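# Per-entry structural report
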Amino acid sequence: MSYAAVAALALGCPFAFAQPNPALMGDKKAFIDDLMRQMTLDEKVGQLRLISIGPEMPAPQLAEEVAAGRVGGTFNSVNHKEQRPLQEAAVQRSRLKIPMLFAYDVVHGHRTSFPIGLGLASSWNLDAVRKVARIAAQEASADGIDLTFAPTVDIARDPRWGRTSEGFGEDTFLVSQLARAMVEGFQNGSPAKRDSIMASVKHFALYGAVEGGRDYNIVDMSPMRMYNDYLPPYKAAIDAGAGGVMIALNTVNGVPASANTWLLQDLLRKDWGFKGVTVSDHGAITELVNHGVASNDTEAAKLAIKAGVDMSMADKVYIKELPGLVKSGEVSMAEIDNAVREVLGAKFDMGLFKEPFLRIGKPEDDPVDLKADSRLHRPPAREVARESMVLLENRNKTLPLNKGATIALVGPLADSQVDMLGVWSGQGVAKQTVTLKSGLEAAMAGQRGKLLHARGANITNREDIVKYLNFLNWDEPEVTQDPRSPQAMIDEAVATAKQADVIVAAVGEARGMSHESSSRTELDLPESQQALLKALKATGKPLVLVLMNGRPLTLNWERENADAMLETWFAGTEGGHAIADVLFGDENPSGKLPISLPRSVGQIPTYYNHSRLGRPFTPGKPGNYTSQYFDQPQGALYPFGYGLSYTSFSLGEIKLSAPTMKRGGQVQARITVKNTGDRAGATVVQLYLQDVAASVVRPVKELKDFQKVMLQPGESRELTFTIREEQLKFFNAKLEYGAEVGEFKLQLGLDSQDVQVASFALVD
């Protein structure tokens, strides 16, 4: 007997009571059609409503709304004791017994926080990223979560944007590959599995291109750039099977995404064939009034439902306005049905009609302690974090450190648990997070060395910034200031440093500085930390910088003065252990930058695959009348794909299998990579292509493939890359997709700038 029958009998209702028909469970379309024939308009509109437990609506009131058929799902509940009464209200008390869905932002881990998006991307390891999503899905599903608002795949080329931290960087190909890996990890072949969750890719579309890097701002972009550079990662996630799409908050060429029929209907559903559910971002439908495309909530609801927004997150617009709009004829029942069908379809695909308590389980199986350490996955978190770190500088082989040395650990991030987690850290608990100080202490335990510690500085001395950051988190302050004077803290740090063999300075951003709504006009380290570093440099001791940040920073002084510099981003629950592993050489760093580090804000946007120019700047030649800034060196401070190792690698010459490629054919490129140092290590060999002459201006180069390879000292390996016509295709000015005959330069290197070059031609 079905759960609906059991529920109906328990309530003294006849089985003929309206409900999903279990006999049709094998035919999704027939099942949903049959259910929709039984639904009233109010029940249909109720399915389009996504509400958060808490400030928006207390749990008892929400349960009554669910029982009345006025809510389709909730988000931000990760507790079976909260979820179970809501699901019971849905499948036992509501007329149609339609189960609820439970959603949450599982971005870079759930109970276990893994490195932030930029850190995951720095690994250039698709298997590792897939594993992160798989573990996150297991943890989240165990907390009753059915759907995640992830992965974040917005291309980010302006690091002033705070949400740069969530995504995978600047490159279309790399972000697309990571998007696929995350979806595959979350859904594991089917979102109906008990330990899988449905992926809802975000933010559709172009959110990373907001003007000036200012959150929620406009995006005005040519269609050709949109199709070639910014849209592919969303499509990659959808092609990988993502069942959901979260709609962006920005406008797209004058039309807010939440009211953009071309974006949500013509492109997403007709051109791409997306069959899943779309979800507005938080309060985005009411914000159509602020955008100025709707004069009131009635118009906002009309625009959103007609554009293709299925679920309305965190507002009452749909429930209040849609019934009246249908009765007046301004919105058709077919438009309502289209949205309802996708919501019900997502629930079907998640297995909720077959088993509403699939991920909630039985009361007797509830975790005794939701935050128990035993629920974490610490070893893989440490493993992935180690692989996410990028060695930017290492003069005179300052690193790895000696465990027998006396080390002065200073800096405001040296012992900060909450910052190590990074933003959007799911259910990560700060107290369970390993700080750098704890990691170093553990690594040095039983050794001859000594660890000295001094804070040295606050994150910032600006009270207005501290106030802003603490407003972001309503549970407890994000930033705690040391009440001592800046000079007193610096004096203590200098005195500590003078007793040590080497200084390790943990500097960067508080996690809230790289967050939603945390756009910055400057990308330097805060002045409090700059003053500390200059005082430490003056001691003459070797200076190692451990950077913790959620976006590229401008590191000009740091590059010139640090003896070693390790970019760790925000490394997650096991961050302190992982950083210590790298600093002491137990792990050889292999991370590569997924985003360029600019020299200054004035240089932004700085990205490697910019368009070719008629008057390009040529290094070594006069800059007059070329495209350049005359007051600063050209190019990124650290380019895309860059990253050092404790060993060294060399590349041989490129060997092409043929000088030409016929339509539908392929060319193979072979190259030998050798570990020329004295330590085992991994590196990433990157393949870039340049279309030498095309019908439109094309980029100077584009990443098209990469291989990560581990080599022992002195070991060589020949790598083979296969180039196919598909990799040569692009959208032209007419948005026609294809490859054009002509010459292509193939580049292989260990970063985007230092490359070997060979040529081949595509011929008819």
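The notes below deal with the structure included here.

Reading the values: the criteria
Numbers given for residues are sequential positions, taken from 1 along each chain in its written order. The model is predicted, so local features are restricted to residues of pLDDT at least 70 and side-chain atom pairs to those at 80 or more, both for listing and for counting; the totals for chains, interfaces and linings are taken over all residues. Excluding hydrogens and water, the side-chain values take into account all heavy atoms of the structure. Put simply, DSSP H or I for four residues or longer makes a helix, DSSP E for two residues or longer makes a strand, and each gets a number counted from the N terminus. Between the two quantities, the radius of gyration covers C-alpha atoms and the globule rule is 2.2 Å times the number of residues to the power 0.38. Any residue under 20% of the maximum accessible area for its type is buried, any over 50% is exposed, and the rest in between are partly exposed; the area is computed with a 1.4 Å probe on protein chains only. Using the Shrake-Rupley algorithm and a 1.4 Å probe, accessible areas are obtained, with residue cover drawn only from the displayed protein chains. Here Asp and Glu are counted as negative and Lys and Arg as positive; His is not counted, and neither are the chain ends. For the purpose of locating charges, the reference atoms are NZ of Lys, CZ of Arg, CG of Asp and CD of Glu. Being paired, for any two strands, means DSSP has found at least two bridges between them. Counted as a polar contact is a pair of N or O atoms within 3.5 Å, where, for protein atoms, one must be capable of donating a hydrogen and the other of accepting one, and residues adjacent in sequence contribute only when both atoms are in side chains. We call two residues in contact whenever any of their non-hydrogen atoms come within 4.5 Å of each other. Every axis in this analysis is a line fitted to C-alpha atoms, fitted for helices over the stretch in contact. Angles between the N-to-C directions lie between 0 and 180 degrees. Comment on the angle field: the value is read as roughly parallel under 35 degrees, roughly antiparallel over 145, roughly perpendicular from 65 to 115, and oblique elsewhere. Left-handed describes a crossing whose near helix is turned anticlockwise from the far helix by less than a right angle; the clockwise case is right-handed. Charged means Asp, Glu, Lys or Arg here, nonpolar means Ala, Val, Leu, Ile, Met, Phe, Trp, Tyr, Cys or Pro, and polar covers whatever is left, Gly included. As used in this record, nonpolar core signifies buried Ala, Val, Leu, Ile, Met, Phe, Trp, Tyr and Cys residues forming a set joined through side-chain atoms within 4.5 Å. Any two rings among Phe, Tyr and Trp, with Trp reduced to its six-membered ring, count as a pair given centres within 6.5 Å; such a pair is stacked if its planes are under 30 degrees apart, edge-to-face if over 60, and tilted if neither. Two limits define a charge over a ring: the Lys NZ or Arg CZ must be within 6 Å of the ring centre, and within 35 degrees of the ring normal. Whenever Lys or Arg places a side-chain nitrogen within 4 Å of a carboxyl oxygen from Asp or Glu, that contact is recorded as a salt bridge. Here, the arc refers to the directions that run from the helix axis to the C-beta atoms.

### Considerations on the overall build of the protein chain
Along the backbone of the protein chain there are 23 helices and 27 strands. Relative to the compact-globule value of 27 Å for 764 residues, the protein chain shows a C-alpha radius of gyration of 27 Å, a close match. Overall, the C-alpha framework of the protein chain stretches about 85 × 70 × 50 Å when taken along its three principal axes. Across the 764 residues that make up the protein chain, the buried fraction comes to 60%. Surface summary for the protein chain: the accessible area is close to 28800 Å², and the carbon and sulfur share equals 49%. In the protein chain, the 82 positive side-chain charges and the 91 negative ones have mean positions that sit 3 Å from each other.

### Let's talk about the pairing of strand 27 (residues 755–763)
Side-chain direction in a regular strand flips from residue to residue, so the side chains alternate between the two faces of the sheet. Both strand 19 (residues 660–662) and strand 27 contribute to a ladder of three bridges, which runs parallel. When the bridges of strand 27 are listed, Thr 660 appears paired with Ala 761. In this structure, strand 26 (residues 742–749) lies alongside strand 27, joined through eight bridges in antiparallel fashion. Paired with Leu 748 across the strands is Gln 756, a residue of strand 27. Hairpin connection of strand 26 to strand 27: five residues between the antiparallel strands.

### Brief notes about the side chain of Glu 321
Residue placement: Glu 321 occurs in helix 14 (residues 317–328). Among the polar contacts listed, one links the side chain of Glu 321 to the side chain of Thr 298, at a separation of 2.7 Å. The residues contacting Glu 321, other than those within four sequence positions of it, are Asp 297, Thr 298 and Ala 301.

### What about the packing of helix 8 (residues 172–187) against helix 10 (residues 232–239)?
Helix 10 packs onto helix 8 with a crossing angle of 25° between their chain directions and a minimal axis gap of 8 Å. Taken together, the axis directions place helix 8 and helix 10 in an arrangement best described as roughly parallel. Crossing of helix 8 against helix 10: the hand is right-handed. Here helix 8 contributes Thr 172, Val 175, Ser 176, Ala 179, Arg 180 and Val 183 to the contact with helix 10, which in turn contributes Pro 232, Pro 233, Ala 236 and Ala 237. Among the residues making up the contact of helix 8 with helix 10, the classes are represented as seven nonpolar, two polar and one charged.

### Some words on the sheet that holds strand 16 (residues 564–567)
If you trace the six strands from one edge of the open sheet to the other, you get 11-16-15-14-12-13, paired in mixed fashion. Lying at the two open borders of the sheet, with one neighbouring strand each, are strand 11 (390–394) and strand 13 (450–454). Within the sheet, the average angular offset between the axes of one strand and its neighbour, ignoring direction, is 20°. Of the pairings in the sheet, the one linking strand 12 (residues 406–410) to strand 13 comprises five bridges and is parallel in character. Counterpart to Leu 409 in the pairing with strand 13 is His 453. Packed on one face of the sheet, helix 20 (residues 486–498) meets strand 12, strand 13 and strand 14 (502–508) and runs near 165° to strand 13. In the packing of helix 21 (residues 527–537) onto the sheet, the strands contacted are strand 12, strand 14 and strand 15 (543–548), and the crossing angle to strand 14 comes to about 170°.

### Here's the deal with the environment of Gly 449
Checked against the element boundaries, Gly 449 lands in the loop between helix 18 (436–444) and strand 13. C-alpha of Gly 449 to C-alpha of Ala 405: the two residues are 44 residues apart in sequence and 4.6 Å apart in space. Setting aside residues up to four positions removed in sequence, Gly 449 forms contacts with Lys 403, Gly 404, Ala 405 and Met 444.

### Quick look at the nonpolar core
It is characteristic of soluble globular proteins that their nonpolar side chains tend to be buried jointly. Core analysis: the biggest nonpolar cluster contains 121 residues, and Phe 186, Phe 204, Leu 231 and Tyr 318 have the highest contact counts within it. The element contributing the most residues to this core is helix 7 (residues 126–142), with nine residues. Filtering out sequence-adjacent residues up to four positions away, Phe 204 remains in contact with Leu 231, Tyr 234, Val 245, Met 246, Ile 247, Ala 248, Ala 257, Leu 263, Leu 264, Leu 267, Leu 268 and Trp 272. Ile 459, Ala 493, Met 513 and Leu 566 belong to the second largest nonpolar core, which has 72 residues in total.

### Structural notes on the environment of Gln 83
Structurally, the position occupied by Gln 83 is in helix 5 (residues 80–93). It is 9.4 Å that separates the C-alpha atoms of Gln 83 and Asp 143, two residues lying 60 residues apart in sequence. Apart from residues lying up to four places away in sequence, Gln 83 is in contact with Ser 77, Val 78, Phe 102, Asp 143, Gly 144, Ile 145 and Ile 360.

### A look at the sheet that holds strand 26
In any sheet, the strands associate via hydrogen bonds between backbone groups, in a parallel or an antiparallel arrangement. In space, the five strands of this open sheet follow the order 19-27-26-21-22, with mixed pairing throughout. Edge positions in the sheet fall to strand 19 and strand 22 (702–711), since each has one partner strand and no second. Strand-to-strand twist of the sheet, defined as the mean angle between neighbouring strand axes without regard to direction, takes the value 25°. Taken together, the six bridges between strand 21 (residues 681–691) and strand 26 define a ladder with antiparallel strand orientation. When the sheet's bridge partners are listed, Asp 691 is paired in strand 26 with Phe 744.

### Quick look at the packing of aromatic side chains
One pass over the structure, following the stated rule, counts 15 aromatic pairs. Seen from their ring centres, Tyr 608 and Tyr 688 are 5.4 Å apart, and the 75° between their planes marks the pair as edge-to-face. Of this pair, Tyr 608 sits in the loop between helix 23 (575–583) and strand 17 (649–651) while Tyr 688 sits in strand 21, placing them 80 residues apart in sequence. Each member of the pair, Tyr 608 together with Tyr 688, is buried. Grouping aromatic residues by their ring pairs yields a cluster made of Trp 124, Phe 173, Tyr 608, Phe 640, Tyr 688 and Phe 706. Its guanidinium or amino end placed over the ring of Tyr 607, Arg 157 lies 4.3 Å from that ring's centre, counting from NZ or CZ. Over the aromatic face of Tyr 638 sits the side chain of Arg 559, whose NZ or CZ is 4.9 Å from the ring centroid.

### Here we look at the pattern of salt bridges
Summed over the entire model, instances satisfying the criterion amount to 49 salt bridges. A salt bridge links Arg 93 to Glu 64; the nearest nitrogen and oxygen atoms lie 2.7 Å apart. Of the two residues, Arg 93 sits in helix 5 while Glu 64 sits in helix 4 (residues 59–67), which places them 29 residues apart along the sequence. When the shortest N-O distance is used, the salt bridge between Glu 478 and Arg 511 registers 2.8 Å. Of this pair, Glu 478 sits in the loop between helix 19 (463–471) and helix 20 while Arg 511 sits in the loop between strand 14 and helix 21; the two residues are 33 residues apart in sequence, bridging distant segments of the chain. Here Glu 478 matches Arg 511 in class, with each residue buried. Via salt bridges that share partners, Arg 382, Arg 386, Asp 581 and Glu 587 belong to a single interconnected network.

### Section: helix 11 (residues 261–271)
Within helix 11 the residues assigned to the buried category are Leu 263, Leu 264, Leu 267, Leu 268 and Arg 269. The buried residues of helix 11 occupy an angular sector of 160° when projected down its axis, which confines them to one face. Projecting away from the buried face of helix 11 at angles above 90 degrees are the exposed residues Lys 270 and Asp 271. Between the side-chain oxygen of the N-cap and the backbone nitrogen of Trp 262 there are 3.4 Å, and the N-cap of helix 11 in question is Asn 260. Downstream of helix 11 by one or two residues, Gly 273 has phi in the positive range, about 75°.

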